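Examination of the molecular architecture
Now for the letters of each chain:
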Amino acid sequence: MSKFWSETVKGITPYVPGEQPGARKVIKLNTNENPYPPSDQVLDAMKAAVSGRLKLYPDPECAGLRQAAADYYGLPIENIFAGNGSDEILAFCFKAFFNPGETIVFPDITYSFYEVYARLFEISYEKIPLDEHFDIPLESFFGPNGGVLLANPNAPTGKFTPVDRIRQILEHNLDKVVIIDEAYIDFGGESCVPLIPDYPNLLVVHTFSKSRSLAGLRIGLALGQSELIEGLNRVKNSINSYTLDAIAQVGGEQSLRDTATFERNVRRIIETREHTVSALRELQFEVVDSRANFIFATHPGIPAADLFDALRQRDIIVRYFAKPRIDNYLRISIGTDEEMEALCRALEDIVLKK
Ligand code: PMP
């Protein structure tokens, strides 16, 4: 604790990202990255930007990227906001849409950054417990509240909430912003984006870090009616107009234009996920139904913390959360088929030795 820190900074517990092992050769299944690289189309555009554009500031409007997103989603460009990863966009949302005196709601098991932002931006919040199947208790999100924040599919469970249930939440919160964080939507969920024309209170947040293989570039999008996008622009242009660099902007634009690579990689990851789920169930794991590029699993006979350590000794890194209710689960990102086979072999070995 430093005497120089503000009272806010003294009071927060910052988010701890998953380990990045650097040059050490491991099977890395801990931060839900895509195991497949971005396409040549994306890389070539970025190389051209490196040699041509770096002495100038990037386009603060991100027009090329936003137009590609508008074409991809079938929305007007005024409905698109681009940010430095969806984390940045979510942070801006707290400043743009929530008021300190009003209590926002999000599930008690969800992306832990939501609570960190609420504390940093001094927004009061209530965490709504999930039911025994890790589903959201719908009525608890009907308000009155100061706003709603939901990850769909949820993290770290991978559970998906059907769109008709989200629509009910929107209907009951017409005066408040409902943010649906669809970081993992491309892996088999149904997106809320088609609801945008009907609901001025809906903001959908997407990322290029998972289904688009670009975690290293930091690109996120917010999709919503122009009133909400304008709110985000007000915050952005009061902090830093150039949050997305020139290389990321062209890489992101080409990723949206290259639908074939995107669709192929997503399909492979879904197939690998289903295969891995079956293999883990054969080893007696209970695996939550996932619509994400990760699975959430528990073993009845071996504590998750021990499994985590045993995998680590075999140079396989997964994610373990020492938190109530989920401290006996592992969250395992879906890698290549070879990586997941190595994971299953290691788990079989660990389970048999017990
Ligand atoms: N939302 C959820 C639910 C996530 O799991 C993540 C990734 N950790 C993010 C947002 C942030 O993604 P980005 O890389 O775009 O900041």
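Residues numbered from 1 in each chain as written. Predicted model: local features only at pLDDT ≥ 70, side-chain atom pairs only at ≥ 80, totals over all residues.

1. Remarks on the overall build of the protein chain
Each helix and strand in the protein chain was counted, giving eleven helices and 13 strands. Relative to the globule expectation of 20 Å for 354 residues, the C-alpha radius of gyration of the protein chain, 20 Å, shows essentially globular dimensions. Structurally, the protein chain occupies a C-alpha span of about 60 × 50 × 50 Å along its principal axes. Buried positions account for 45% of the 354 residues belonging to the protein chain. In the protein chain, 72% of the contacts between residues at least 6 apart in sequence involve partners at least 24 apart. (Helix = DSSP H or I, 4+ residues; strand = E, 2+ residues; numbered from the N terminus. Rg over C-alpha atoms; globule rule 2.2 N^0.38 Å. Buried ≥ 20, exposed ≤ 12 C-beta atoms within 10 Å, placed from the backbone. Contact = placed C-beta atoms within 7 Å.)

2. Notes on the domain arrangement of the protein chain
Taken as a whole, the protein chain is organised into domain 1 (7–37 + 260–353) and domain 2 (40–258). Placing a centre on the C-alpha atoms of domain 1 and another on those of domain 2 gives a separation of 24 Å. Facing the 31 residues of domain 1 at the interface are 27 residues of domain 2. Elements with a contribution of two residues or more to the side of domain 1 that touches domain 2: α1 (7–11), α9 (259–282) and β10 (294–298). Broken down by element, the residue count for the side of domain 1 that touches domain 2 peaks at seven residues, all from α9. (Domains from an automatic or database assignment.)

3. Here we look at helix α7 (residues 226–236)
Within α7 the residues assigned to the buried category are L228, I229, G231, L232 and K236. Down the axis of α7, the smallest arc covering the buried residues is 155 degrees, so these residues share one side. Residues of α7 that are exposed and point over 90 degrees away from its buried face: E227 and R234. Buried-residue contacts for α7 involve β2 (80–83), α4 (85–97), β7 (202–207) and β8 (220–224). (Arc of directions from axis to C-beta.)

4. With respect to the site of the ligand
Surveying the vicinity of the ligand reveals the residues G85, S86, D87, Y111, A151, A155, D181, A183, T207, S209, A215 and G220. For the shell around the ligand, the element with the highest residue contribution is α4, accounting for three residues. A breakdown of the residues in the shell around the ligand according to their chemical character gives five nonpolar, five polar and two charged. (Near = placed C-beta within 6 Å. Nonpolar A, V, L, I, M, F, W, Y, C, P; charged D, E, K, R; others polar.)

5. Examining the sheet that holds β10
Read from one edge to the other, the open sheet built from four strands follows the order β9-β10-β13-β12, with strand pairing classed as antiparallel. Each end of this open sheet is capped by a strand with a single partner; those strands are β9 (286–287) and β12 (319–320). The pairing of β12 with strand β13 (residues 330–333) spans two bridges and is antiparallel. From the neighbouring strand, R319 faces β13, where its bridge partner is R331. (Pairing = 2+ DSSP bridges.)

6. A short note on the UniProt feature "domain: Aminotransferase class I/classII large" (unreviewed entry) in the protein chain
According to UniProt, the feature "domain: Aminotransferase class I/classII large" (unreviewed entry) maps to residues 25–347 in the numbering used here. The span residues 25–347 carries 38% helix and 15% strand; its end-to-end C-alpha distance comes to 19 Å. (UniProt positions renumbered as here; feature names shortened; annotations may be inferred.)

7. A look at the UniProt feature "modified residue: N6-(pyridoxal phosphate)lysine" (unreviewed entry) in the protein chain
The UniProt entry lists K210 under the feature "modified residue: N6-(pyridoxal phosphate)lysine" (unreviewed entry), expressed in the numbering used here. When you line up the elements, K210 lands in the loop between β7 and β8. In this structure K210 touches N32, N34, A183, Y184 and N293, once residues within four positions along its chain are discounted.

8. Let's talk about the packing of α4 against α7
Interaxial distance between α4 and α7 falls to 9 Å at its minimum, and their mutual angle equals 105 degrees. If you check the angle between α4 and α7, you find them roughly perpendicular. Here F92, K95, A96 and F97 of α4 come into contact with α7, specifically with G231, L232, R234, V235 and K236. Tallied by class, residues from the contact of α4 with α7 come to five nonpolar, one polar and three charged. (Axes fitted to C-alpha atoms, helices over the stretch in contact; angles between N-to-C directions. Parallel < 35°, antiparallel > 145°, perpendicular 65-115°, else oblique.)

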